[in-house]
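Take a look at the letters that make up each chain.
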Amino acid sequence: MYQNKPTAFIGIDLNKKPGDYELVVELSDGQIFKADINVGARPRIEAPLGIPEKLGGNTPAGQSKLISTLALENQSLANLRTGTKAFWTEKFLPPLKKIFITDEYGYSRQTGEYSIAHKGTDYRASEGTAVMAANRGVVRVAKTYRNYGKTVVIDHGLGLMTFYMHLSKIKVNPGELARRGQIIGLSGQTGYAESPHLHFTVRINGTSIDPAKFLGLFE
Ligand SMILES: [Zn+2]
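Residues numbered from 1 in each chain as written. Predicted model: local features only at pLDDT ≥ 70, side-chain atom pairs only at ≥ 80, totals over all residues.

Considering the pairing of strand β11 (residues 160-167)
A regular strand places its side chains on the two faces of the sheet in alternate fashion. Burial analysis of β11 places eight of its eight residues in the buried class, which makes it a mostly covered element. Sheet topology places strand β10 (residues 149-155) next to β11; five bridges connect them, and they run antiparallel. Note on β11: the bridge partner recorded for D155 is M161. Counted along the chain from β10 to the antiparallel partner β11, the turn is four residues long, and its residue G157 has a positive phi close to 95°. Bridge analysis of β11 against strand β15 (residues 197-204) gives six bridges, and the strand direction is antiparallel. Counterpart to M161 in the pairing with β15 is R203. (Buried ≥ 20, exposed ≤ 12 C-beta atoms within 10 Å, placed from the backbone. Helix = DSSP H or I, 4+ residues; strand = E, 2+ residues; numbered from the N terminus. Pairing = 2+ DSSP bridges.)

Written out as structure tokens, the structure is:
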């Protein structure tokens, strides 16, 4: 329930083929709800992205190491535990006080022969900027990764999660209940980052969606 209305989010993957789809929802009382949804095409934007010297630089060895370690990190961040009820009742907020997008969701980044889809939004944030929980939820991950750097994941329940990456400092612990707007860390450039920024991801049942569009639902 959101604002006294039954509400559901369905995440559609970046690589979903554009077209018309039928959405079928079966409610717990057996009622069936159907709707037609159109999945539109996004412009495909490709941009080159180097590998920072600290991660081996833009060499073939650095590239294959990036790809193999990224796969492991993605694996460890998949299938995180989620609450069986929503932990939030109020609208979602942007994770920074001042919002300026430097790199949109959906870019393809060319690193040597590899292409990595950017499944989050990058916001401008100088080193040490306060990063806030977009909404109330339980901290599932507060950990340092080689590529994602210092990372916090908040579970808002029912498969909805937000990710905060490349932090310079983490200020929460796994299992902790974060309040909406609580400072959960400070921005930075740890891991696969060439300059300080906040990488923010919104995931619905394992599918990373466009955070800017998601936050736009609450404006
Ligand atoms: Zn990013």
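Details of the sheet that holds strand β8 (residues 130-132)
Spatially, β8-β14-β12 is the arrangement adopted by the three strands of the open sheet, whose pairing is antiparallel. The sheet is open, and its two edges are formed by β8 and β12 (169-170), each paired on a single side.

Quick look at the sheet that holds strand β6 (residues 114-117)
Overall, mixed pairing links the three strands, which are arranged β3-β5-β6 in an open sheet. Every other strand in the sheet has two partners, leaving β3 (46-48) and β6 as the edge strands with one partner each. Each strand of the sheet is rotated relative to its neighbour by a mean of 30°, with strand direction disregarded. (Axes fitted to C-alpha atoms, helices over the stretch in contact; angles between N-to-C directions.)

Describing the nonpolar core
Residues V152, V153, I154 and Y164 are the most contacted members of the largest nonpolar core, which totals 26 residues. Of all the secondary structure elements, the ones that give two or more residues to this core are β9 (137-145), β10, β11 and β15. Considering every element that reaches this core, the biggest residue donor is β11, with six residues. Residues contacting V152, with those up to four places away along its chain left out, are V139, V141, A142, Y164, L167, I170, V172, I184 and G185. (Core = buried A, V, L, I, M, F, W, Y, C linked by C-beta atoms within 7 Å. Contact = placed C-beta atoms within 7 Å.)

A closer look at the pairing of β15
Within β15, seven of the eight residues are buried, leaving the element largely enclosed by the surrounding structure. Alignment of strand β7 (residues 121-124) against β15, held across four bridges, turns out to be antiparallel. What sits directly across from R124, in β15, is H197. The hairpin formed by β15 and strand β16 (residues 207-209) contains two residues between the paired strands, and N205 there has a positive phi angle of roughly 45°.

Examining the environment of S108
Looking at the secondary structure, you find S108 in strand β5 (residues 108-111). In this structure S108 comes out as partly exposed when scored by C-beta crowding, with 14 C-beta atoms within 10 Å. C-alpha separation for the pair S108 and A47, spaced 61 residues apart in sequence, amounts to 6.3 Å. Beyond its immediate chain neighbours, meaning those up to four positions away, S108 contacts R44, E46, S115 and A117.

Observations regarding the environment of D103
Its place among the elements puts D103 in strand β4 (residues 101-103). Sequence separation between D103 and Q75 is 28 residues; the distance between their C-alpha atoms is 24 Å.

A word on the environment of A193
With respect to the secondary-structure elements, A193 resides in the loop between β14 (183-186) and β15. With 21 C-beta atoms packed within 10 Å, A193 lands in the buried category. In contact with A193, other than residues within four places in its own chain, are G149 and H166.

Comments concerning unusual backbone geometry
Even without being a glycine, Q3 presents a positive backbone phi close to 50°. Of note, the phi angle at H166 is positive, near 65°, even though the residue is not glycine. Topologically, H166 is positioned in strand β11. Classification of H166 by C-beta neighbours within 10 Å gives buried; the count is 26.

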